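Next come the chains, spelled out residue by residue.
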Amino acid sequence: MNEDVRLVAWVRGRVQGVGFRWFTRAKVLEIGGLSGFALNLPDGRVQVVAEGPRTGCQGLLDWLQGDDTPGLVEGVTEIWDTPRGGYDGFAIR
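Reading the values: the criteria
- Residues numbered from 1 in each chain as written.
- Predicted model: local features only at pLDDT ≥ 70, side-chain atom pairs only at ≥ 80, totals over all residues.
- Heavy atoms only, no water.
- Salt bridge = Lys/Arg side-chain N within 4 Å of Asp/Glu carboxyl O.
- Helix = DSSP H or I, 4+ residues; strand = E, 2+ residues; numbered from the N terminus.
- Buried < 20%, exposed > 50% of the residue type's maximum accessible area, 1.4 Å probe, protein only.
- Pairing = 2+ DSSP bridges.
- Contact = heavy atoms within 4.5 Å.

**Q** For this particular structure, what's the right way to read the pattern of salt bridges?
**A** Between side chains of opposite charge, a pair can form as their charged atoms come close. Considering all chains together, one arrives at 5 salt bridges under this definition. Between Glu-3 and Arg-54 there is a salt bridge, and its shortest N-O distance comes to 3.1 Å. Within this pair, whereas Glu-3 is found in the segment before strand S1 (4–14), its partner Arg-54 is found in helix H2 (residues 54–65), the two being separated by 51 residues in sequence. For Glu-3, a relative accessible area of 28% translates into the label partly exposed.

Spelled out as C-alpha cells, the structure:
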C-alpha cells in the first residue's frame, strides 16, 4: 500500500551555504508527486517537510541520508505523520 504520508526531517551537519535546499528541491522534482518545503534553521540544520506517496517520501529520506547530498550530512532525524496539505509544490524557504 502506498498511502500518502508526511515526512518531517531535520538534517544536521554542514548543510547550509552549500546549495542543500536547492538540491533537495531538485531531488523532490525528480521523484515527483511530493509537496512541501526545505528551510534553513537558525541552529545550522535544514528542515525538510514532504507530503505525498510513502514510496516518494522514503526515496527522499534515503537520499537525505545517503552520500549524494551536497555538503556533509552528519545525521537525519525524521518523524512520519499524516499529511496536512496546503502546499503548492515544493518551496525553498
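Still more ground to cover, so stick around.
**Q** Honestly, the pairing of S1 in this entry has me stumped. Any pointers?
**A** Two elements, S1 and strand S3 (residues 46–53), share 8 bridges in a ladder whose sense is antiparallel. Each bridged residue has a counterpart across the sheet, and for Ala-9 the counterpart in S3 is Val-48. Pairing between S1 and strand S4 (residues 72–81): 9 bridges, direction antiparallel. When the sheet's bridge partners are listed, Leu-7 is paired in S4 with Trp-80.

**Q** So what exactly am I meant to see when it comes to the environment of Trp-10 here?
**A** For Trp-10, the position within the fold is in strand S1. Residues Trp-10 and Arg-45, 35 residues apart in the sequence, show an inter-C-alpha distance of 6.4 Å. In this structure, Trp-10 is in contact with Leu-41, Arg-45, Val-46, Gln-47, Gly-75, Val-76, Thr-77 and Ile-79, ignoring residues within four places of it in sequence.

Shape is all these values report; function is a separate question.
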